[in-house]
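Report on the structure
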Amino acid sequence: MESLLTSLLGTTTAEVEITNSIAIIYTIAAGILGLLISLTYMKTGSKISKNFARTLITLPILVCVVLLVVNGNFGTSIAVLGAFSLVRFRSLQGSSRDISFIFFSMTVGIVCAVGEIILAATLTVLICGIYFVLNAIKYGANSAEEKDLRVTIPENLDYSDIFDDLFAKYTKEHKLIAVRTTNMGSMYEINYRVKLLDEKEEKKFLDDIRMRNGNLTVICGRCDVNEAEEL
């Protein structure tokens, strides 16, 4: 099958002789560049995962080692491709930023495996620099952070416009996300997405809501990153 594929492509499969010392150098380089990628991930994001930051260090090493072991073996290449494909279905959904760093780390590992250490280092410095610049100028960032506001009201209150005056006073933007009944249908739980005019006024905002809803439950916090961010 390998010879058939070679004839169809018009190329020859040449195995490159890689000694253990060369493989160790490639692997160490991948690890160092993975560390730089991990530091960039931690320094350019407000929400970071400890486990993900550590994974970004080891991922280029693993990719590099796997490709060095394969080294032109067609059958092994197909097996490795199938193994990597299965990983996608066993992983949780991440944000676009996390996916970007995963591809970044894998790319660096692949480039190191083919022996282009200078190219891998140049690519890492360039992409990390872009991340730092975009973070410094707050490119694409909103002027105010969105928050998830959940308010419980009695069933006898009309939730359609009950808080409109408070939203006009304390928020830049507000959006009704969902409404559901709770406590055997005797109460409504309303979920809003809001941007406050002044973060320091959050307590007054919540106090005014509590006075309006009869001092029932009010929850205000940051939006879930996977829910709020569109991939």
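Since this is a predicted model, take the numbers as computed values, not measurements.

The rules we used
Residues numbered from 1 in each chain as written. Predicted model: local features only at pLDDT ≥ 70, side-chain atom pairs only at ≥ 80, totals over all residues. Heavy atoms only, no water. pLDDT = per-residue confidence, 0-100. Contact = heavy atoms within 4.5 Å. Core = buried A, V, L, I, M, F, W, Y, C linked by side-chain atoms within 4.5 Å. Buried < 20%, exposed > 50% of the residue type's maximum accessible area, 1.4 Å probe, protein only. Helix = DSSP H or I, 4+ residues; strand = E, 2+ residues; numbered from the N terminus. Salt bridge = Lys/Arg side-chain N within 4 Å of Asp/Glu carboxyl O. Expected span 1.5 Å × (residues − 1). Arc of directions from axis to C-beta. Axes fitted to C-alpha atoms, helices over the stretch in contact; angles between N-to-C directions. Parallel < 35°, antiparallel > 145°, perpendicular 65-115°, else oblique. Nonpolar A, V, L, I, M, F, W, Y, C, P; charged D, E, K, R; others polar. Left-handed = near helix turned anticlockwise from the far one by under 90°. Pairing = 2+ DSSP bridges. Phe/Tyr/Trp six-rings, centres within 6.5 Å; stacked < 30°, edge-to-face > 60°. Patch = residues over 30% accessible without salt bridge, like charges linked within 9 Å, V, L, I, M, F, W, Y side chains within 5 Å. Areas by Shrake-Rupley, 256 points an atom, 1.4 Å probe, with all protein chains shown as cover.

1. Quick look at the confidence of the model for the protein
Per-residue pLDDT for the protein has a mean of 81; in total, 77% of the residues score no lower than 70. This stretch, residues 225–231, has a pLDDT under 50; its non-local contacts, to residues over four places away or in other chains, come to 15 contacts.

2. Things to note about the nonpolar core
Counting residues in hydrophobic clusters, the biggest one holds 20 residues, and the most contacted among them are Cys64, Phe101, Phe104 and Cys112. When contributions to this core are tallied by element, the ones reaching two or more residues are α2 (20–43), α3 (50–70), α5 (96–113) and α6 (117–136). Leaving out residues up to four positions away in the same chain, cysteine 112 has contacts with Tyr26, Ala29, Ala30, Leu33, Cys64, Ile117 and Ala120. Formed by 17 residues, the second largest nonpolar core is a distinct cluster that contains Leu149, Val151, Phe163 and Leu166.

3. As for the pattern of salt bridges
Overall, the coordinates contain ten salt bridges when judged by the stated rule. The closest approach of N and O atoms between lysine 147 and glutamate 202, which form a salt bridge, is 2.5 Å. Here lysine 147, found in strand β1 (residues 146–154), pairs with glutamate 202, found in helix α8 (residues 202–212); they are 55 residues apart in sequence, far enough to count as distant. The burial state of lysine 147 is the same as that of glutamate 202; both residues are buried. Between aspartate 207 and lysine 203 there is a salt bridge whose closest N-O contact spans 2.9 Å. Of the two residues, aspartate 207 and lysine 203 are both situated in helix α8; the distance of four residues between them amounts to about one turn of the helix. A relative accessible area of 59% places lysine 203 in the exposed class.

4. Comments concerning α6
A turn of α-helix holds 3.6 residues, and therefore any two residues three or four places apart point the same way. Spanning 20 residues, α6 covers 28 Å between terminal C-alpha atoms, matching the ideal 28 Å at 1.5 Å per step. By the burial criterion, the buried members of α6 are Ala120, Thr124, Cys128 and Tyr131. One side of α6 carries all its buried residues, which in axial view fall inside an arc of 55°. Turned more than 90 degrees from where α6 packs its buried face, Ile118, Val125, Leu126 and Ala136 sit exposed. At the exit of α6 stands lysine 138, carrying a positive phi of roughly 55°.

5. What to know about the packing of α2 against α6
Their axes nearest at 10 Å, the elements α2 and α6 cross at an angle of 5°. For the element pair α2 / α6, the angle class is roughly parallel. The segment α2 lies against α6, with Tyr26, Ala29, Leu33, Leu36, Ile37, Thr40 and Lys43 engaging Ile117, Ala120, Ala121, Thr124, Cys128, Tyr131, Phe132 and Asn135. Among the residues making up the contact of α2 with α6, the classes are represented as eleven nonpolar, three polar and one charged.

6. Looking at the packing of α2 against α3
For the pair α2 and α3, interaxial distance at closest approach is 8 Å and the crossing angle is 155°. Looking at the two axes, α2 sits roughly antiparallel to α3. The two elements α2 and α3 meet at a crossing, and its hand is right-handed. Facing Ala23, Tyr26, Thr27, Ala30, Gly31, Gly34, Leu35, Ile37, Ser38, Tyr41 and Met42 of α2, the residues of α3 in contact are Phe52, Ala53, Arg54, Leu56, Ile57, Pro60, Ile61, Cys64, Val65 and Leu68.

7. Considerations on the sheet that holds β1
Pairing in this open sheet of four strands is antiparallel, and the strands run β2-β3-β1-β4 from one edge to the other. Looking along the sheet, the strands with just one partner apiece sit at the ends: β2 (171–182) and β4 (218–222). Put simply, the sheet's adjacent strands are angled 20° from each other on average, direction ignored. Of the strand pairs in this sheet, β2 and strand β3 (residues 187–196) are connected by ten bridges, and their pairing is antiparallel. Within β3, the position partnered with arginine 180 by the bridge is glutamate 189.

8. Points about the packing of aromatic side chains
If you walk through the whole model with that rule in mind, you get ten aromatic pairs. Between phenylalanine 163 and phenylalanine 167, the ring centres sit 6.4 Å apart and the planes meet at 65°, which makes this aromatic pair edge-to-face. Of the two residues, phenylalanine 163 and phenylalanine 167, neither departs from the other in class, the shared state being buried. Connected via pairs of aromatic rings, a cluster forms that spans Tyr41, Phe52, Phe101, Phe104 and Tyr131.

9. Section: a nonpolar patch on the surface
Together, Leu126, Ile130, Val133, Leu134, Ile137 and Tyr139 make up a nonpolar patch on the protein surface, roughly 610 Å² of accessible area in all. Relative to the assigned elements, leucine 126 resides in helix α6.

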